[in-house]
Amino acid sequence: MESVLRQSIKTSSLFSYIKHLYQHHQENILYVKRLKVLKKIMQDQDLHTYFQPIVDIQTKETMGFEALNRPEVTELFTSVDHFYEFVGQTDKVFLFDCFCRNLSLQRFKGRLRGEMLRKNFVLFLNIHPNVLLDKSYHSGETMQFLRELDIKPQQVVFELTERSAVTDFVEFERVLSHYRSQGYRIAVDDVGSGYNSLKTLIYLKPEFIKLDRSLIQFIDKHSEQQQLVTLLMKYAEQAETKIIAEGIERLEELDYLQQIGIHYAQGYALGKPTMDIQLGGIQVSGDENRGSH
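Residues numbered from 1 in each chain as written. Predicted model: local features only at pLDDT ≥ 70, side-chain atom pairs only at ≥ 80, totals over all residues. Heavy atoms only, no water.

Novice: Mind showing me how you'd approach the pattern of salt bridges here?
Specialist: By the definition in use, this model includes 13 salt bridges. Put simply, Glu249 and Arg213 hold a salt bridge, and the shortest N to O gap is 2.9 Å. With a gap of 36 residues between them, Glu249 in the loop between strand 7 (242-245) and helix 10 (251-260) and Arg213 in helix 8 (residues 213-216) connect regions that are remote in the sequence. On the basis of relative accessible area, Glu249 is assigned to the buried category, the value being 3%. The closest approach of N and O atoms between Arg250 and Glu253, which form a salt bridge, is 3.3 Å. (Salt bridge = Lys/Arg side-chain N within 4 Å of Asp/Glu carboxyl O. Helix = DSSP H or I, 4+ residues; strand = E, 2+ residues; numbered from the N terminus. Buried < 20%, exposed > 50% of the residue type's maximum accessible area, 1.4 Å probe, protein only.)

Novice: Sorry, what's going on with the side chain of Glu246 here?
Specialist: On the secondary structure map, Glu246 appears in the loop between strand 7 and helix 10. Among the polar contacts listed, one links the side chain of Glu246 to the side chain of Lys210, at a separation of 3.3 Å. (Polar contact = N/O pair within 3.5 Å; in protein donor to acceptor, adjacent residues only side chain to side chain.)

Novice: Quick question: what am I supposed to make of the nonpolar core here?
Specialist: If you look at soluble globular proteins, the nonpolar side chains tend to sit buried side by side. Counting residues in each nonpolar core, the largest one holds 55 residues, and the members touching the most others are Leu105, Phe108, Leu132, Leu211 and Leu257. Element by element, the count of residues in this core is highest for helix 6 (residues 169-181), at five residues. With residues up to four places along the chain from it excluded, the contact list for Leu257 reads Ile57, Gln58, Ile216, Ile219, Ala245, Ile248 and Ile262. Core analysis: the next-biggest nonpolar cluster, separate from the first, contains 13 residues, Leu35, Leu47, Phe86 and Val87 among them. (Core = buried A, V, L, I, M, F, W, Y, C linked by side-chain atoms within 4.5 Å. Contact = heavy atoms within 4.5 Å.)

Novice: Would you explain the environment of Lys39 in this entry?
Specialist: Topologically, Lys39 is positioned in helix 1 (residues 2-44). Along the primary structure Lys39 and Leu95 are separated by 56 residues, whereas in three dimensions their C-alpha atoms are 9.9 Å apart.

Novice: Sorry if this is basic, but what is going on with the packing of helix 2 (residues 80-89) against helix 3 (residues 93-111) here?
Specialist: Geometry of a packed helix pair, given as the angle between the helix axes and the separation of the axes. For the pair helix 2 and helix 3, the least separation of the axes is 8 Å and the interaxial angle reads 130°. It follows from the interaxial angle that helix 2 and helix 3 lie oblique. Between helix 2 and helix 3, the contacting residues are Phe83, Tyr84, Val87 and Gly88 on the first element and Val93, Phe96 and Cys100 on the second. A breakdown of the residues in the contact of helix 2 with helix 3 according to their chemical character gives six nonpolar, one polar and no charged. (Axes fitted to C-alpha atoms, helices over the stretch in contact; angles between N-to-C directions. Parallel < 35°, antiparallel > 145°, perpendicular 65-115°, else oblique. Nonpolar A, V, L, I, M, F, W, Y, C, P; charged D, E, K, R; others polar.)

Novice: What is the right way to read the environment of Tyr50 from this model?
Specialist: Along the chain, the position of Tyr50 falls in strand 1 (residues 48-56). Remark: the alpha-carbon pair of Tyr50 and Ile277, spanning 227 residues in sequence, is separated by 8.0 Å. Look past the residues within four positions of Tyr50 in its chain and what remains in contact with it is Glu66, Ala67, Leu68, Arg70, Pro273, Thr274 and Met275.

Novice: Help me understand the confidence of the model for the protein chain in this model?
Specialist: In low-pLDDT segments, the atomic positions of the prediction should not be examined closely. Of all residues in the protein chain, 85% have pLDDT values of 70 or greater, and the mean over the chain is 87. Helix 1 is the least confidently modelled element of the protein chain, averaging 78 in pLDDT, while strand 1 averages 98, the highest of any element. (pLDDT = per-residue confidence, 0-100.)

Novice: Sorry, what's going on with a nonpolar patch on the surface here?
Specialist: A contiguous nonpolar patch, built from Val170, Leu198, Ile202 and Tyr203 and spanning about 380 Å² of accessible area, is present on the exposed surface. Within the fold, Ile202 resides in helix 7 (residues 199-204). (Patch = residues over 30% accessible without salt bridge, like charges linked within 9 Å, V, L, I, M, F, W, Y side chains within 5 Å. Areas by Shrake-Rupley, 256 points an atom, 1.4 Å probe, with all protein chains shown as cover.)

Novice: Can you walk me through the packing of aromatic side chains in this structure?
Specialist: For any pair of aromatic rings, the description consists of the separation of the ring centres together with the inter-plane angle of the planes. For the structure shown, the criterion picks out 16 aromatic pairs. The interplanar angle of 85° and the centroid separation of 5.1 Å between the aromatic rings of Phe77 and Phe83 together place this pair among those described as edge-to-face. Taken as a pair, Phe77 and Phe83 share a single burial class, namely buried. Consider the rings of Tyr179 and Tyr184, whose centres lie 6.2 Å apart with planes at 65°: the pair is edge-to-face. Per residue, the accessibility class of Tyr179 equals that of Tyr184, and both read buried. Through a chain of ring-to-ring contacts, three or more aromatic side chains come together here, namely Tyr31, Phe77, Phe83, Tyr84, Phe86, Phe96 and Phe99. Across from the ring centre of Tyr50, 5.2 Å away, lies the NZ or CZ of Arg70, which sits over that ring. (Phe/Tyr/Trp six-rings, centres within 6.5 Å; stacked < 30°, edge-to-face > 60°. Lys NZ or Arg CZ within 6 Å of the ring centre and 35° of its normal.)

Novice: Sorry, what's going on with helix 9 (residues 223-239) here?
Specialist: Quick reminder: α-helices carry 3.6 residues per turn. Residues three or four places apart thus point the same way. Taking 1.5 Å as the rise per residue, helix 9 with 17 residues should run 24 Å; its terminal C-alpha atoms sit 24 Å apart, in good agreement. Those residues of helix 9 that sit buried are Gln225, Gln226, Val229, Leu232, Met233 and Ala236. Buried residues of helix 9, seen end-on, are gathered within an arc of 130° and therefore sit on one face of the element. Exposed and oriented more than 90 degrees from the buried face of helix 9 are Glu224, Gln227, Leu231 and Gln238. Buried positions along helix 9 lie against strand 5 (185-191), helix 7, strand 6 (208-211), helix 8, strand 7 and helix 10. The positive-phi residue at the C-terminal boundary of helix 9 is Glu240, with phi of around 55°. (Expected span 1.5 Å × (residues − 1). Arc of directions from axis to C-beta.)

Here is the structure:
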C-alpha cells in the first residue's frame, strides 16, 4: 500500500512538472508573438495619437494638450493598459518611449490648423523616468527634432507618472536641472493616487502637479477630498507650481474647483481625447455622459 502511495505521489509530481513546463512554453510563445507585434507597431508607426485639452478654468482658455498614444485592441493586447504593461516587461522601454515622444510631437505639429498654428500651446508628453536617467538618451536629438518642427522647448512638458517610482532623487534632480536649462518643464502625474510619496514633489519641484482623478471625482460632495486638495494647493503656492485637476466629468466638480482657485483642469467635461486637435470647452451637463478617460 505504501509503495502504491509513493508511486502515486511520483506520478502526480511528474504530471505537475510537465504541466509547468507546458505553461512556461506557452507563455514564451505568447511573449514572442507580442514582442513581434510591438516591433511592427514601432516600424509602421501603427499607434493612434489622441490629444486631450488642458484648460485654464479661470480664463476659460486652452493652455495645452496631453498626447495619448493608443494601439488597436487585439486578441494579443485586450486593452491599452495591457499593452503598456507588456512594454514595461520588455527591454524596449527606452526605444518605445522615444518612438512615442517623436510621434506625438510630429503629429501635434501636423494636426494644428488655422489660428491654432499661431498659438504657443503646451504639449504634455508622458515619459518614463528611467528614460531621462538612461545614459544612452541624447537630449540633443529631441532638441534638433523640435527645431525641425518649429516647436520651442518651453512648449514641451515631460509628464512623469507617480506609478514609475523614482529612487535616486539626488541624481534625478540633477538630470532634471539639465533639461530645465534647455527650456523643458516637468509635470508629476497621478498625485494623490497613493503610488508615491510627497518626497517626489519636494525633490523634483515640478512646474505642474496633476491631481489624480480619485481626488477630483465628486469633490463637491466630499470634505475629505476637499481638505487634501486644499493642502496640496497651499504647497503648490509656496513651491510656485501650478495644479492641473484631472478626470473632471461633472459641472459641479468644475464649479467647485473654479471657486477654490485651481489653475488648470482636464477631463471629459472640458474635452475628450480626439485625433484632431480641438480646443477645450464645457462638454457635459450634470451627471450625463460620465465615463473613464
